[in-house]
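Chain and residue survey
For reference, the chains in residue letters:
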Amino acid sequence: MSLTPSEAWDRLLRVAKDRVSEQTFRTWLEPVVPERFEGGRIFLRVADQFAVDWNEKKHAALLNSLAPVALGEPCEVVFRADEERQQRTGQI
């Protein structure tokens, strides 16, 4: 079965929601935008480099460990900064 990036991320979120505080979930995980799901990786867009660093440090290991449960297979979570948003912010 092949999942879209959104389907894969929704499954991960459902499992993760019970393992983090609601504030953490709403602040750091809910705003994430899934971009691609391929080759055993899910690529996720976040607001900026700070959000990338924070999510990698605080949430990536948890999400990676939940992937086999949520997706039925191992999956590496890869956070990326929203480059378009950063360019707009840098021009203001």
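Structure shown above.
**Some thoughts on the overall build of the chain**
From N to C terminus, the chain includes 5 helices and 3 strands. Its helices and strands taken in sequence order, the chain reads α-α-β-β-α-α-β-α from the N to the C terminus. Sequence-distant contacts, at least 24 apart, represent 68% of the contacts inside the chain between residues at least 6 apart. As displayed, the chain has an accessible area near 5,900 Å², and 46% of this comes from carbon and sulfur atoms.

**Some thoughts on the pattern of salt bridges**
Enumeration over the complete set of coordinates arrives at 6 salt bridges. For E30, the salt bridge goes to R26, with nearest N and O atoms at 3.4 Å. Judged by its relative accessible area of 39%, E30 falls in the partly exposed class. R45 serves as the salt-bridge partner of D82, at 3.7 Å between the closest nitrogen and oxygen.

**Regarding the packing of helix α1 (residues 5-16) against helix α4 (residues 60-71)**
Helix-helix packing is described using two parameters, namely the angle between the two axes and the distance between the axes. Relative orientation of the contacting elements α1 and α4 amounts to 110°, with a least axis distance of 9 Å. If you check the angle between α1 and α4, you find them roughly perpendicular. Contacts from A8, W9, R11, L12, V15 and A16 of α1 reach α4 at L63, L66, A67, A70 and L71.

**Considering the sheet that holds strand β3 (residues 76-81)**
Taken together, the 3 strands give an open sheet; going across it, the order is β1-β2-β3, and neighbouring strands pair in mixed fashion. At either end of the open sheet lies a strand with only one pairing partner, and these are β1 (33-38) and β3. The sheet shows a mean angle of 25° between the axes of neighbouring strands, taken without regard to direction. Sheet topology note: the strand β2 (residues 41-46)/β3 ladder contains 6 bridges and is parallel. Of the residues in β3, the one forming a bridge with I42 is V77. Strand contacts of helix α3 (residues 49-58): β2 and β3, with the helix running at about 160° to β3, the strand carrying the most contacts. Packed on one face of the sheet, α4 meets β1 and β3 and runs near 130° to β3.

Analysis parameters
Residues numbered from 1 in each chain as written. Predicted model: local features only at pLDDT ≥ 70, side-chain atom pairs only at ≥ 80, totals over all residues. Heavy atoms only, no water. Helix = DSSP H or I, 4+ residues; strand = E, 2+ residues; numbered from the N terminus. Contact = heavy atoms within 4.5 Å. Areas by Shrake-Rupley, 256 points an atom, 1.4 Å probe, with all protein chains shown as cover. Salt bridge = Lys/Arg side-chain N within 4 Å of Asp/Glu carboxyl O. Buried < 20%, exposed > 50% of the residue type's maximum accessible area, 1.4 Å probe, protein only. Axes fitted to C-alpha atoms, helices over the stretch in contact; angles between N-to-C directions. Parallel < 35°, antiparallel > 145°, perpendicular 65-115°, else oblique. Pairing = 2+ DSSP bridges.

Note that all results are geometric; they support no functional claim without further evidence.
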